[in-house]
Amino acid sequence: MIHIYRANAFGDVLWAEPVVRYLVSKNQYVNVITNYPEVFKNYPSPYLILNKPVPKWKKNLLKILPILGFSKKIIKLDMAYEKTPKIHVLKAYFNAARIKNESLSLPKIYLSEEEKKRLIPEKYAVLHIDKNPLNHRNIYGVDWKEVVKYIQGLGLKVIQISKSGDDLYGEWYKTRDMREVMSLVYNASLFVGLDSGPSHIAGCFQIPSAIFFGSVNPEFRHLGNKNKIFLQQPCEYAGCYHEVVSSRGKDCRLVGSEGIPKCSLHTTEYVLNALKQLSPQIEL
């Protein structure tokens, strides 16, 4: 039995799937400990076991098992890429799992036939622009009413997913869980939003996407980029997120943690031009 521990951050758990896929293909039993077991729902392997972490289990068992000689069977992916922040997250995971020479590939999501059914009859775009608590991973300067108007002009309904329902510019779709988010994104014609869990779902399903990045280097977070446009403004400290060992990245050297970083300050025209570039790939 191999234990893989990646507790939090939906997108980071999703990127653990290629590691799991590799191990189960070798007929290894894999126990994934995570707060997002729904990532692996419908997984087509009898070798996969899912468990949620328990605080004492996390603190004590991970300390005890190496003493008992199981150190090589525990793969801790928490902080794996944060500790080596200048490589792709999946490469960091492969390194942590001691998997060599494996090609990087998009994670796989397995939807049931019921989940593949359309939740919305019209063709639509998914908008996900919830404010990020980190200013260097936020979106500033965009007139979202104009962006929504443009998307609607393409013949697409604009569906907005949001935890809080604040700052709505499209029709708020109150998803019940991440599986419903997967289903919603799977059937979308376009995704527009932050670098976050839903953007990685869109990447897995190869949905045409415009994804906003601030201080994060998108080349370390996404793959298969032919139908994606990364929106990021130039800065003399570009990619500074990757200069420190931290899940928060580095506070902006120019404005600190409270101002508007150059990398995150966009214009509406910039966003509209990106959507125009994507439009030939959008199924209308």
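These numbers come from a predicted model, not from an experiment. (Residues numbered from 1 in each chain as written. Predicted model: local features only at pLDDT ≥ 70, side-chain atom pairs only at ≥ 80, totals over all residues. Heavy atoms only, no water.)

Caption draft 1: Quick look at the environment of Gly249. Position of Gly249 among the secondary structure elements: in the loop between strand S10 (228-231) and helix H10 (268-278). Residues Gly249 and Gly239 lie 10 residues apart in sequence; the distance between their C-alpha atoms is 9.6 Å. The contact partners of Gly249, leaving out residues within four places of it in the chain, are His136, Tyr241 and Val244. (Helix = DSSP H or I, 4+ residues; strand = E, 2+ residues; numbered from the N terminus. Contact = heavy atoms within 4.5 Å.)

Caption draft 2: Up close: the sheet that holds strand S4 (residues 74-76). Spatially, the 4 strands line up as an open sheet ordered S3-S2-S1-S4, and their pairing is parallel. Edge strands, defined here as strands with exactly one partner in the open sheet, are strand S3 (48-51) and S4. For this sheet, the mean inter-axis angle between neighbouring strands, taken without regard to orientation, is 20°. Pairing between strand S2 (residues 30-33) and S3: 4 bridges, direction parallel. Bridge pairing in S3 places Val32 opposite Leu50. On the sheet, helix H2 (residues 17-25) packs against strand S1 (2-5), S2, S3 and S4 and is oriented at approximately 175° with respect to S1. (Pairing = 2+ DSSP bridges. Axes fitted to C-alpha atoms, helices over the stretch in contact; angles between N-to-C directions.)

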